[in-house]
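# Notes for the structure review
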Amino acid sequence: MNHLKQLYRTSVIGRNILVAIARSLSSKVPPEPTWQEIDESKLPEPTKIDQDTIDHLERLALVDFANKEGIERLEAAIRFADQMFLVDTSGVEPMDSVLE
């Protein structure tokens, strides 16, 4: 992979070409996106966050959720994470690194 970094630094090839080369060297990265629409009915009920939890998260994260928009963003982020439960991971080995 070091030679790819060197090629990128010397501007012999562009970033898009470098990304294409890197992807072709890794068999674990699909050549095309594989996402599909999520069936909302399969997701758990949307999470509603009580004030005690919001206060606790604000202390931990140093983020202000004091307004309605902040709380809506937090709930939307949790809803997005809920989609992970629908992913079929049977036969998929755990990764050692996000760079696999």
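Structure: see above.
So, here's what we can say about the structure. Note that the structure is predicted; figures quoted are calculated from it, not measured.

Next up on the list: the overall build of the protein chain. Scanning the protein chain from terminus to terminus reveals 4 helices and 0 strands. Listed by position from the N terminus, the elements making up the protein chain come as α-α-α-α. Looking at the 100 residues of the protein chain, the share that counts as buried comes to 11%. Intrachain contacts of the protein chain at a sequence separation of at least 6 include 51% that bridge at least 24 residues. For the protein chain, the accessible area works out to roughly 9,000 Å², and carbon and sulfur atoms hold 57% of it.

Another point: the side chain of aspartate 82. Of note, aspartate 82 is situated in helix α4 (residues 68-82). No salt bridge forms around the buried aspartate 82; measuring N to O, its nearest opposite-charge neighbour arginine 79 is 4.2 Å away.

Put simply, aspartate 50 is the residue that caps the front of helix α3 (residues 51-61), since its side-chain oxygen is 3.2 Å from the backbone nitrogen of aspartate 52. Directly beyond the C-terminal end of α3, a positive phi value near 55° is found at leucine 62.

This part is about a nonpolar patch on the surface. Taken together, the side chains of Met95, Val98 and Leu99 present a nonpolar region at the surface, about 400 Å² in accessible area. Judged by relative accessible area, which is 51%, methionine 95 ranks as exposed.

It is worth spelling out the layout of surface pockets at this point. To find leftover empty space, a probe the size of one water molecule is rolled over the atoms. Here the largest pocket is characterised by a volume of approximately 460 Å³. In terms of lining, the largest pocket is formed by 14 residues, of which the most central are Thr34, Trp35, Gln36, Ile38 and Val87. Split by residue class, the lining of the largest pocket holds 7 nonpolar, 3 polar and 4 charged.

Side-chain pairs of opposite charge can arise where the charged atoms are in close proximity. One pass over the full model with this rule turns up 3 salt bridges. Of the charged contacts, one joins arginine 79 and glutamate 40 as a salt bridge, the two residues approaching to 3.2 Å between their closest N and O atoms. You can see arginine 79 sitting in helix α4 and its partner glutamate 40 sitting in the loop between α2 (15-25) and α3, a full 39 residues away along the chain. Looking at arginine 79, the relative accessible area reads 19%, which means it is buried.

Looking now at the side chain of glutamate 75. Among the secondary structure elements, glutamate 75 is positioned in helix α4. The exposure class assigned to glutamate 75 is buried, which follows from its relative accessible area of 18%. Aside from chain neighbours lying at most four places away, what touches glutamate 75 is Thr47, Lys48 and Ile49.

About the criteria used
All residue numbers refer to positions counted from 1 along the written sequence of the respective chain. Where local features are concerned, this predicted model is filtered to residues with pLDDT of at least 70; where side-chain atom pairs are given and counted, the filter is 80 or more; whole-chain, interface and lining totals use all residues. Heavy atoms throughout the structure, all of them, feed into the side-chain values; hydrogens and water do not. Secondary structure elements follow DSSP: runs of H or I of four or more residues count as helices, runs of E of two or more count as strands, with numbering from the N terminus. Each residue's exposure class comes from its accessible area (1.4 Å probe, protein chains only) as a fraction of the maximum for that residue type: buried when under 20%, exposed when over 50%, partly exposed otherwise. Note on contacts: a residue pair qualifies if any of its non-hydrogen atoms lie within 4.5 Å across the two residues. Shrake-Rupley sampling with a 1.4 Å probe provides the accessible areas, and residues are treated as covered by the protein chains on show and by no other component. By the counting scheme adopted, Arg and Lys are positive, Glu and Asp are negative, and His together with the chain ends is not counted. A side-chain nitrogen of Lys or Arg and a carboxyl oxygen of Asp or Glu constitute a salt bridge if their distance falls within 4 Å. Counted as a polar contact is a pair of N or O atoms within 3.5 Å, where, for protein atoms, one must be capable of donating a hydrogen and the other of accepting one, and residues adjacent in sequence contribute only when both atoms are in side chains. Distance thresholds for patches are 9 Å for like charges and 5 Å for nonpolar side chains (Val, Leu, Ile, Met, Phe, Trp, Tyr), applied to residues having over 30% relative accessible area and no salt bridge. In this analysis the probe radius is 1.4 Å and the grid spacing 1 Å, with only protein atoms considered; a cavity is a set of points the probe fits into but cannot get out of, a pocket is an open set with protein on both sides within 12 Å along at least five of seven lines, and lining residues have an atom within 4 Å of a point. Grid points are joined across faces, edges and corners, and a volume is the space filled by probe spheres set on the points. When residues are sorted by character, Ala, Val, Leu, Ile, Met, Phe, Trp, Tyr, Cys and Pro go into the nonpolar class, Asp, Glu, Lys and Arg into the charged class, and all the rest, Gly among them, into the polar class.

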